[in-house]
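The chain contents come next:
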Amino acid sequence: VKDNGKNNHHFFASFMNDKTERKMEIDKGLREALEKNQFELYYQPKMDLVTGDISGVEALIRWHHPEMGMISPVEFIPVAEEIGLIASIGEWALQTACTQCMKWQNSGFPSIRVAVNVSTLQFRQQNLVSTVRRILKDSQLNPKCLELEITESVMQNTESIHKLFELKAMGIYMSIDDFGTGYSSLSYLKRMPIDSLKIDKSFINDIHMDPTDTMIVTTIINLAKSLNLRVIAEGVETAEQLQFLKQHKCDEIQGFFISKPVPAREFEMVWTK
Ligand code: C2E
Ligand code: CA
Ligand code: CA
Ligand code: CA
């Protein structure tokens, strides 16, 4: 294939272009990112709409690539899943978030819950439950202070459902992320050990202008209430969106209007200011 002449080679080279090359770089770099300490967790507060207090934080992973700069998790998490690295990256995130939360408690900051995203593939890992148990033990964090954000697709696997019950029995707080974007039936909601629904930000953007979004959001809020679940909206960027959600009795919000995700040190200033 490779000595088909110069022209073909050129064609192939440009066809391979930026996208493939970038993917290959990410693939290669990810394999050593953990040992080279290139990941960092950023934290974004969740605000209780009744009390106005910070009720928790979501930990969001960042990758500082030495040459490519900051790479979004939207880009590298799927690659990590593909090449079998999601378990170790996910474990690092859990470990780091739990340790950080405990550190905050020990230095006298308010006791809040830290939420960690767990991808559906990571949930399939054989040792997920024992890993979480070990991390909680090592960090000494109260399981009530740990929240796992999972998506509806976790509920499609029987073994994952078992794990969900085991994690819940440990006292961990469970929420359904990106709620409303999946296609699964709603019947699982009454059977699953879930504490809260997180309304995806795609429904929040035009909450005022788009009657469909207005309806979807109010419906999710009412659904949560009638199932006795907490409900939180993500991607809240304006005072109008906050007002709307407050009026419609959404429990919590998260978004740039309150704060962007920031490094741990910067997050501490939210409390100290
Ligand atoms: P997600 O869990 O749905 O997280 C919400 C995303 O929206 C985050 O993007 C957050 O920074 C962003 N965001 C927050 N507030 C606003 C807002 O007001 N406006 C807008 N436009 N965006 C807002 P981010 O940090 O780039 O993360 C993207 C996705 O990557 C996450 O979506 C999550 O699915 C995944 N992810 C992030 N960290 C982890 C992790 O540690 N493990 C796993 N498995 N996935 C992660
Ligand atoms: Ca999330
Ligand atoms: Ca989302
Ligand atoms: Ca997500």
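Structure's up top.
Here the structure is a predicted model, which is why all the values come from computation and not from measurement. Sequence order as written defines residue numbering, which begins from 1 separately in each chain. Each chain takes a letter, starting from A, and each ligand takes a number, starting from 1, following the order in which they are written. The predicted nature of this model means local features are confined to residues of pLDDT at least 70 and side-chain atom pairs, given and counted, to a pLDDT of 80 or more, with totals for whole chains, interfaces and linings taken over all residues. Working from all heavy atoms in the structure, the side-chain values ignore hydrogens and water.

**A few points about the site of ligand 1**
One heavy atom within 4 Å of a molecule or strand makes the whole residue count as near it. Around ligand 1 sit 21 residues, and of these Q44, R62, K201, E237 and F256 come closest. In the analysis that follows, any N or O atom pair within 3.5 Å is treated as a polar contact, provided that within protein one partner can donate a hydrogen and the other can accept it, and provided that, for residues neighboring in sequence, both atoms belong to side chains. D178 places a polar side-chain atom, nitrogen or oxygen, 3.2 Å from an oxygen atom of ligand 1. Between an oxygen atom of ligand 1 and a side-chain N or O atom of K201, the distance comes to 3.0 Å. Here a cavity denotes grid points, spaced 1 Å and computed from the protein atoms alone, that fit a 1.4 Å probe unable to get out, and a pocket denotes an open set having protein on both sides within 12 Å along at least 5 of 7 lines; residues with an atom within 4 Å of a point are the lining. Placement in a cavity or pocket follows one criterion, namely that more than half of the molecule's atoms lie within 2 Å of its grid points. Most atoms of ligand 1, that is more than half of them, are within 2 Å of grid points of the largest pocket. Note on conventions: DSSP H or I runs of at least 4 residues are helices, E runs of at least 2 residues are strands, and numbering of each starts at the N terminus. Broken down by secondary-structure element, the contributors of at least two residues to the shell around ligand 1 are β2 (54–65), α3 (73–82) and β6 (173–179). Top element by residues in the shell around ligand 1 is β2. It accounts for 4 residues. For this scheme, ten residues count as nonpolar: Ala, Val, Leu, Ile, Met, Phe, Trp, Tyr, Cys and Pro. Four count as charged, namely Asp, Glu, Lys and Arg, and the remainder, Gly too, count as polar. Each residue belonging to the shell around ligand 1 can be placed in one class, and the counts come to 9 nonpolar, 5 polar and 7 charged.

**Describing unusual backbone geometry**
Even without being a glycine, N37 presents a positive backbone phi close to 60°. As for its position among the elements, N37 is in the loop between α2 (18–33) and β1 (39–48). Assessed through its relative accessible area of 62%, N37 is described here as exposed. The phi torsion at K249 lies on the positive side, around 65°, for a residue other than glycine. For each residue, the accessible area found with a 1.4 Å probe, counting protein chains only, is set against the maximum for its type, and the residue is called buried under 20%, exposed over 50%, and partly exposed in between. Looking at K249, the relative accessible area reads 57%, which means it is exposed.

**Details of the environment of N228**
Take N228: it is sitting in the loop between α9 (211–226) and β8 (230–233). Along the backbone, N228 and K190 are 38 residues apart, and their C-alpha atoms lie at a distance of 9.7 Å.

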